[in-house]
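Each chain, written out:
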Amino acid sequence: MSVGSTAPKPGDPGVRTGRAAGPGRGGSRFGRLLQDGAPGGSALRLLARWVRRPLLPAVRLWRRNIQLRVVAGTLLMSLGVVLLLGLVVIGQVRNGLLDAKERAAQSQAAGGFSAAQDKAATTPSGPGGQEGGRAGSSLTWRSTLVEQLASGGQSAFNVVALSMEDSDGPASRGARASGEVNPDTSIPGDLRHSVAQGAGTFQKYTRIHYTNGKEAESALVIGKRLNDAEGTQYELYYLFPLAQEEDSLTLVKGTLATAGLFVVVLLGAIAWLVVRQIVTPVRMAAGVAERLSAGRLQERMKVTGEDDIARLGEAFNKMAQNLQLKIQQLEELSRMQRRFVSDVSHELRTPLTTVRMAADVIHEARVDFDPVTARSAELLGDQLDRFESLLADLLEISRFDAGAAALEAEPIDLRQVVRRVIGGAEPLAERKGGRIVVVGDEQPVVAEADARRVERVLRNLVVNAVEHGEGRDVIVKLAAAGGAVAVAVRDYGVGLKPGEATRVFNRFWRADPARARTTGGTGLGLSIAVEDARLHGGWLQAWGEPGGGSQFRLTLPRTADEPLRGSPIPLEPEDSRRNREQAQVRTPAQGRTEGRTGDGDRRQVALPLQTAGDRPALPVPQRMPPVPRATADPTALPGSGARVVARATTEAESSSEARASTHAEGEDGTRGR
């Protein structure tokens with residue numbers, strides 16, 4: 001949010017209330033439960049963390065071990081196939097056993113029903129004078145019939161004779177059964193109803209219950225309605241136990257389970273062996289690649305056989321050999337280049353000293369020469385100065401290339417370094433018609449750094465900004481927050497084109513080679529500056545836009561061994577074209593908010609709201625009022641759109657602060673400049 005703007009409150013225009021952040025409407029209930037403010041959210045997070053912690057090693061192993069995933073997948077698929085086949089086989093065996101049992105039972109029951117009918121037809125009826133005598137004779141006949149029919153199938157089947165449910169008289173109470181079978185619970189009621197209503201044979205699967213305490217068992221019951229010797233209707237049932245079929249089915253299930261388990265384990269072992277033959281060379285290649293990346297260029301894979309894996313190993317070894325050869329050639333070439341630069345730089349010092357002495361003599365006597373010769377003497381002195389600077393830069397670059405640069409870090413106040421740099425650059429700024437303004441120097445900005453190297457970096461940045469600022473003011477901003485300190489240099493000159501912010505640090509790179517160098521830059525300043533920043537463990541970054549100036553930001557850790565996590569100053573300045581356009585869009589909504597919150601909550605916008613057409617001029621007043629200190633944001637990451645500017649209280653302060661809000665990272669006169 002830009003300075004002076006106020007965040008809309010819930011209920012104001014531009015704010016949606018009652019909706020959770022993130023995609024979707026409202027979010028899930030579980031997500032709301034895990035929020036900090038939700039009741040029990042902390043407990044749920046602790047529970048989830050406690051459950052997830054033991055699983056992390058297993059999840060990590062699962063992700064990193066392809067052999068484990070293949071074997072586990074093979075086992076699961078094999079188990080599914082075995083289960084499916086087992087169910088099909090068991091179903092087929094069960095149906096076959098039941099069909100065979102049913103055919104045998106029907107044949108046996110049909111013979112028993114025929115024998116009962118023949119016996120009733122051949123047995124003479126008793127005297128019909130007395131009802132009780134006839135009932136007793138009927139019961140005796142049924143008992144005899146049950147004993148005779150059951151005697152032919154000991155333990156194979158049982159026989160039950162029951163009176164019809166709608167019969168009257170004592171005969172209806174007669175029930176005869178063999179094998180201690182309980183007829184009341186063993187014969188299903190719906191089967192008795194079917195037998196009583198129909199004339200055919202009916203059957204049903206049920207369970208046989210015994211009166212002697214024997215465990216109930218499954219059985220097939222077949223029944224039919226018949227007439228006894230007295231002509232009284234009764235029900236005759238055959239009960240065939242299925243214990244033998246159940247034992248056979250249990251045996252089949254056990255056999256299938258054992259065989260299936262053995263097959264699954266065997267398939268898992270086969271998959272493990274097969275995958276191991278493929279994964280082992282891949283793991284060897286990965287290990288060799290890791291050692292190659294660590295610099296052990298002599299590592300090679302062990303190749304055996306002539307298969308695809310062997311060809312892969314041979315190709316990998318050839319690639320590693322070629323890489324080693326190329327790297328060695330490049331290292332040798334780099335050593336030769338560094339030695340050449342170092343030797344040339346050192347060897348040139350002696351003749352350069354002689355030439356310098358002669359040039360100084362000629363320069364001192366130029367008043368006795370004619371105008372053309374005197375001007376030549378002045379040009380000779382200027383070019384010798386530039387030559388000496390280039391030679392010094394080449395020597396410094398050769399030290400960085402050789403890894404011989406050493407950091408002499410000590411606690412320093414960057415404000416003093418900035419003052420020395422500005423003191424040396426002020427004459428150039430005056431000749432250009434601009435000024436150098438410092439922002440954020442009210443409080444100490446202390447860091448462990450090499451004062452000489454930091455001063456060299458800042459001198460490159462400030463001189464570049466003055467030289468390419470086209471006579472406008474240059475803003476130098478300091479800030480410290482968390483474990484980092486930063487210095488940003490902002491100018492309002494020609495700026496940088498897209499893509500030039502990264503190329504600006506290349507050696508001898510210039511965006512406009514035809515542009516004159518009034519300060520005699522060598523083209524190596526920013527390259528040396530970025531190496532100095534890296535030597536400190538810091539960042540040197542650049543931002544720019546065509547016609548809108550540029551900003552270079554140097555970020556250093558407070559202590560030499562502390563890693564950087566962010567910069568106190570955003571890389572993109574507050575008064576960039578994009579930020580100004582966003583500020584123009586936010587201004588109407590901000591005005592409505594201020595009208596509701598009252599004068600006490602109003603703030604002024606510190607951004608110069610200019611249109612795109614007015615932007616290239618970027619007028620900067622010749623006399624800038626004092627600028628308040630900017631507040632640093634420790635969470636502003638490099639290149640983020642965070643805004644770090646001070647809150648203004650007056651129109652003049654707001655206008656000056658908008659230009660003072662800058663952040664920098666860059667280098668010398670090579671800045672594409």
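Residues numbered from 1 in each chain as written. Predicted model: local features only at pLDDT ≥ 70, side-chain atom pairs only at ≥ 80, totals over all residues. Heavy atoms only, no water.

## Brief notes about the packing of helix α11 (residues 451–468) against helix α13 (residues 525–535)
Put simply, the rule is: The angle between two axes is taken between their N-to-C directions and runs from 0 to 180 degrees, where each axis is a line fitted to C-alpha atoms and a helix contributes only its stretch in contact. Secondary structure elements are taken from DSSP: a helix is a run of H or I of four residues or more, a strand is a run of E of two residues or more, and numbering for both begins at the N terminus. Roughly parallel means an angle under 35 degrees; roughly antiparallel, over 145; roughly perpendicular, 65 to 115; everything else is oblique. Should the near helix be turned anticlockwise from the far one by less than a right angle, the crossing is left-handed, and should it be turned clockwise, the crossing is right-handed. Two residues qualify as a contact provided that any one of their heavy atoms is within 4.5 Å of a heavy atom in the partner residue. Each residue receives one of three labels: charged for Asp, Glu, Lys and Arg, nonpolar for Ala, Val, Leu, Ile, Met, Phe, Trp, Tyr, Cys and Pro, and polar for the others, Gly being one of them.
Two elements in contact, α11 and α13, have axes whose closest approach is 9 Å; the angle formed by their N-to-C orientations is 140 degrees. Between α11 and α13, the crossing angle belongs to the class labelled oblique. Here α11 runs over α13; the crossing is left-handed. Across the interface between the two elements, Arg 453, Arg 456, Val 457, Asn 460, Leu 461 and Asn 464 of α11 pack against Gly 525, Leu 526, Ile 528, Ala 529, Asp 532 and Leu 535 of α13. Here the contact of α11 with α13 is built from residues that sort into 6 nonpolar, 3 polar and 3 charged.

## Some points on the packing of aromatic side chains
Our working rule: For this analysis, a ring pair means two rings from Phe, Tyr or Trp (six-membered ring only for Trp) whose centres lie within 6.5 Å, classed as stacked if their planes differ by under 30 degrees, edge-to-face if by over 60, and tilted for the remaining angles. Throughout this description, buried means an accessible area under 20% of the type-specific maximum (1.4 Å probe, protein chains only), exposed means over 50%, and partly exposed covers the range between. Put simply, a charge is over a ring when the Lys NZ or the Arg CZ is close to the ring centre, within 6 Å, and near the line of the ring normal, within 35 degrees.
The final tally for this structure, using the stated rule, is 6 aromatic pairs. Measuring from ring centre to ring centre gives 5.3 Å for Phe 157 and Tyr 238, while their planes differ by 45 degrees; the resulting arrangement is tilted. Of this pair, Phe 157 sits in the loop between α4 (131–151) and β1 (158–163) while Tyr 238 sits in strand β5 (residues 233–241), and the two are 81 residues apart along the sequence. The buried category is assigned to Phe 157, whose relative accessible area is 5%. For Tyr 238, a relative accessible area of 1% puts it in the buried group. Between the aromatic rings of Phe 505 and Phe 552, the centroid separation amounts to 6.3 Å while the plane-to-plane angle is 80 degrees, which identifies the pairing as edge-to-face. One end of the pair, Phe 505, is in the loop between α12 (500–503) and α13; the other, Phe 552, is in strand β12 (residues 550–557), with 47 residues separating them in the sequence. Just as Phe 505 is buried, Phe 552 falls in that class too. Lying across the ring of Tyr 210, Lys 214 places its NZ or CZ 4.8 Å from the centre.

## Here's the deal with the nonpolar core
Threshold: Think of a nonpolar core as a cluster: buried Ala, Val, Leu, Ile, Met, Phe, Trp, Tyr and Cys residues, connected wherever their side-chain atoms sit within 4.5 Å.
If you look at the biggest cluster of nonpolar residues, it comprises 40 residues, and the most contacted ones within it are Leu 458 and Leu 540. Of all the elements in the fold, those that place two or more residues in this core are α10 (414–432), β8 (446–449), α11, β9 (474–481), β10 (484–491), α13, β11 (539–544) and β12. Judged by nonpolar contacts, the second largest core, of 21 residues, contains Val 146, Val 159, Ile 222 and Leu 236.

## Some words on the sheet that holds strand β3 (residues 201–208)
Put simply, the test is: Following DSSP output, two strands are said to pair if at least two bridges run between them.
Read across the open sheet, the 5 strands follow the order β2-β1-β5-β4-β3; overall the sheet is antiparallel. Here the strands that pair on one side only, and so sit at the sheet edges, are β2 (175–177) and β3. Mean inter-strand twist for the sheet, computed between neighbouring axes without regard to direction, equals 20 degrees. With 8 bridges joining them, β3 and strand β4 (residues 217–227) adopt antiparallel strand pairing. Among the inter-strand pairings, Arg 207 is bridged to a residue of β4, identified as Ser 218.

## Regarding the sheet that holds β12
Within a sheet, neighbouring strands are paired by backbone hydrogen bonds and run either parallel or antiparallel to one another. Spatially, β7-β9-β10-β12-β11 is the arrangement adopted by the 5 strands of the open sheet, whose pairing is mixed. Two strands bound the open sheet, and with one partner strand each, they are β7 (436–439) and β11. Each strand axis lies, on average, 15 degrees off the axis of its neighbour in the sheet, ignoring direction. Pairing between β10 and β12: 8 bridges, direction antiparallel. For Arg 490, the partnering residue across the bridge sits in β12 and is Gln 551. α10 rests against β7, β9 and β10 of the sheet, and its axis sits at about 165 degrees to β7. Together, β11 and β12 form the strand contacts of α13, whose direction differs from that of β11 by roughly 135 degrees.

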